[in-house]
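# Notes for the structure review
The chain contents come next:
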Amino acid sequence: MSEDRQQIADWIDEERARIVEFFRGFIRCKSPNPPGDTTEAARFIGDFLTREGLDHRFIAPQPQMPNVVASFVGAKPGRHLVLNGHIDVFPVGDGKDWTKDPWGGELVDGKIYGRGACDMKCGTSASVFTYAFLHRLRERLKGKLTLTAVSDEETFGPWGARYLMEHHPEVHGDCCLNGEPGSPYTIRFGEKGPLWLEFKIRTKGAHGAYTHASESATKLAQRLIADLEIVTEIKPQLSDNILRSLEAARASTDKAMGPGAADIVSKVTLNIGVIEGGLKVNMVPFACRFEADIRLPLGVTHEQVMAEVRKVLSRYPQASMEELNFNPPSYCPPDGAMVGILQKNVEAERGYRPQPIVSLGGTDARLWRYRDIPAYVYGPFPTGMGSADEHVDVEDFLHIVKVHALSAYDYLMTQ
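In this report, the structure presented in the accompanying data block is examined.

Conventions and cut-offs
- Residues numbered from 1 in each chain as written.
- Predicted model: local features only at pLDDT ≥ 70, side-chain atom pairs only at ≥ 80, totals over all residues.
- Heavy atoms only, no water.
- Helix = DSSP H or I, 4+ residues; strand = E, 2+ residues; numbered from the N terminus.
- Contact = heavy atoms within 4.5 Å.
- Pairing = 2+ DSSP bridges.
- Axes fitted to C-alpha atoms, helices over the stretch in contact; angles between N-to-C directions.
- Buried < 20%, exposed > 50% of the residue type's maximum accessible area, 1.4 Å probe, protein only.
- Parallel < 35°, antiparallel > 145°, perpendicular 65-115°, else oblique.
- Left-handed = near helix turned anticlockwise from the far one by under 90°.
- Nonpolar A, V, L, I, M, F, W, Y, C, P; charged D, E, K, R; others polar.
- Salt bridge = Lys/Arg side-chain N within 4 Å of Asp/Glu carboxyl O.

## Section: the environment of Leu238
Of note, Leu238 is situated in the loop between helix 6 (217-228) and helix 7 (240-248). For the pair Leu238 and Gln64, spaced 174 residues apart in sequence, the C-alpha separation works out to 41 Å. Discounting residues that sit within four places of it in the chain, Leu238 has contacts with Leu243, Leu246, Ser266, Leu298 and Gly299.

## Regarding the sheet that holds strand 4 (residues 107-108)
Read across the sheet, three strands follow the order 4-5-18 without closing on themselves; strand pairing throughout is antiparallel. With one partner strand each, in any of the chains shown, strand 4 and strand 18 (391-393) form the two edges of the open sheet. Against the sheet, helix 2 (residues 16-28) touches strand 4, strand 5 (111-113) and strand 18, its axis set at about 25 degrees to strand 5. Of the strands in this sheet, strand 4, strand 5 and strand 18 touch helix 13 (residues 394-413), which is tilted by about 75 degrees from strand 18.

## Focus: the environment of Tyr376
Structurally, the position occupied by Tyr376 is in strand 17 (residues 375-377). The exposure class of Tyr376 is buried, given its relative accessible area of 1%. In sequence terms Tyr376 and Ile187 are 189 residues apart; their C-alpha atoms lie 6.6 Å from each other.

## Here's the deal with the sheet that holds strand 14 (residues 319-326)
Read across the open sheet, the four strands follow the order 11-13-9-14; overall the sheet is antiparallel. Since the sheet does not close on itself, it has two edges, and those belong to strand 11 (269-277) and strand 14, each with one partner. Recorded for the sheet is a direction-independent mean angle of 20 degrees between the axes of neighbouring strands. Sheet topology places strand 9 (residues 193-202) next to strand 13 (residues 287-296); 10 bridges connect them, and they run antiparallel. When the bridges of strand 13 are listed, Pro194 appears paired with Arg295. Running over the sheet, helix 6 touches strand 9, strand 11, strand 13 and strand 14 and is turned about 15 degrees from strand 13.

## A few points about the packing of helix 3 (residues 39-51) against helix 4 (residues 117-135)
Two elements in contact, helix 3 and helix 4, have axes whose closest approach is 11 Å; the angle formed by their N-to-C orientations is 20 degrees. Judged by the inter-axis angle, helix 3 sits roughly parallel to helix 4. Crossing of helix 3 against helix 4: the hand is right-handed. Within the contact between the two elements, helix 3 uses Ile45, Phe48 and Leu49 and helix 4 uses Thr124, Val128, Phe129 and Ala132. Grouping the constituent residues of the contact of helix 3 with helix 4 by class yields six nonpolar, one polar and no charged.

## Regarding the pattern of salt bridges
Tallied over the full model, the rule gives 24 salt bridges. A salt bridge links Glu52 to Arg136, with the shortest nitrogen-to-oxygen separation between them at 3.8 Å. Placement of Glu52 in the loop between helix 3 and strand 1 (57-59) and of Arg136 in the loop between helix 4 and strand 6 (142-150) is noted, with a sequence separation of 84 residues between them. Of the residues examined, Glu52 reaches a relative accessible area of 26% and is grouped as partly exposed. A residue is classified by how much of its surface remains accessible, and Arg136, at 31% relative accessible area, is partly exposed. Across the pair Asp293 and Arg295 runs a salt bridge whose closest N-O atoms are separated by 2.9 Å. For Asp293, a relative accessible area of 17% translates into the label buried.

## Focus: unusual backbone geometry
Across the chain, the bulk of peptide bonds are trans and the bulk of non-glycine residues have phi less than zero. With an omega of 5 degrees, the peptide bond running from Pro34 to Pro35 counts as cis. Structurally, the position occupied by Pro35 is in the loop between helix 2 and helix 3. At the junction of Asp119 and Met120, the peptide bond is cis and its omega measures out at -10 degrees in the coordinates. The topology assignment puts Met120 in helix 4. If you check the backbone angles, Asp109 has positive phi at about 50 degrees while not being a glycine. One can find Asp109 in the loop between strand 4 and strand 5. Judged by relative accessible area, Asp109 falls into the exposed class, the value being 74%. A positive phi angle is found at Asp372, which is not glycine, with a value near 60 degrees. Summarising the element assignment, Asp372 is placed in the loop between helix 12 (365-369) and strand 17. For Asp372, a relative accessible area of 73% corresponds to the exposed category.

## Here we look at the pairing of strand 2 (residues 67-73)
For strand 2, the tally of buried residues reaches five of seven residues, placing the bulk of the element in the interior. As judged from the three bridges shared by strand 1 and strand 2, these two strands associate in the antiparallel manner. Paired with Ile59 across the bridge in strand 2 is Asn67. When strand 2 meets strand 6, the two strands line up antiparallel, connected through six bridges. Looking across to strand 6, one finds that Val69 is bridged to Thr148.

Written out as structure tokens, the structure is:
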């Protein structure tokens with residue numbers, strides 16, 4: 001290990017307590033989205049950068065959703081690496097299923113608890129410290145390093161990374177490194193694309209005893225939902241290298257996202273996340289609405305899915321449809337330079353090589369891939385993500401910090 005690489009590793013070991021305390025304090029900054037107010041969490045990052053003597057700026061097209069951006073140039077020309085993480089988190093709801101304070105950042109039995117612990121204040125903390133540590137070496141560093149800690153990710157909204165990519169091309173870079181949850185055993189080089197559709201059914205309605213007088217909107221919705229399953233039969237068209245990567249990563253995919261994940265990575269999936277209908281048990285419902293979350297794998301297009309949806313919808317004149325959101329599936333080379341660097345550093349730290357995989361969920365990394373900029377994700381296990389008692393193992397957190405910092409250094413110094 002070179003002197004500078006060793007110095008980075010030593011800093012992380014020596015400043016372990018400070019790094020962990022930052023992470024815990026970051027969790028205590030409430031930033032649920034919706035509603036999406038991330039001002040406290042953004043200020044927390046900004047205050048840290050100020051104490052470190054690191055120039056930064058807030059870019060806030062929506063005042064309650066600021067984005068923190070910082071950048072520096074090394075002593076010699078080289079590649080431009082962008083570190084990306086988001087600061088908004090899932091809502092907690094009533095919190096009744098939590099055994100720990102969702103906003104407490106509690107450290108219990110070697111685990112740090114709280115909303116956003118794995119999704120993704122762990123990864124964003126890794127980006128912040130990677131930026132700070134490499135800045136200390138800037139006089140010997142090549143290339144350029146940019147930090148983007150963004151808002152508005154959880155709802156695929158327009159005020160976070162999407163705004164920066166559209167209006168601030170200085171954050172594009174040559175490669176993006178992201179710490180979203182996945183697993184320390186995997187590197188995500190691609191992800192499925194969400195297509196969200198809303199369906200509304202209207203009928204005349206009637207008294208519950210007069211079922212002959214009107215069709216039931218809820219029964220029609222039930223049949224429509226069953227018919228929409230046809231989209232799951234669409235077959236993807238994939239290149240040989242992607243097929244080989246997916247097949248080689250089956251075991252790691254299941255380890256990262258649970259048994260069965262590998263079976264649906266290459267399949268269209270349908271989930272009915274919301275359904276509402278009826279006013280009273282003894283009334284034939286005159287209205288029903290539901291929202292469908294369809295996930296497109298690599299090799300399946302929006303047009304293919306919508307063609308099947310429209311065929312089904314044509315059989316239901318009582319129904320209407322609106323597209324709420326769509327992000328195409330995305331990928332970059334599964335054997336890109338950053339993949340090899342991450343694998344080397346993980347193997348040195350833990351003795352195994354993480355496998356390149358495609359993820360089921362979406363991340364801001366897609367926005368770089370849409371511009372043909374490689375973007376890779378290496379993060380912690382998604383334990384409790386979107387549910388109760390979300391947490392990250394302390395050693396996993398510090399591992400993510402070290403791998404990100406060393407990999408960022410290697411990427412910039414390797415030409």
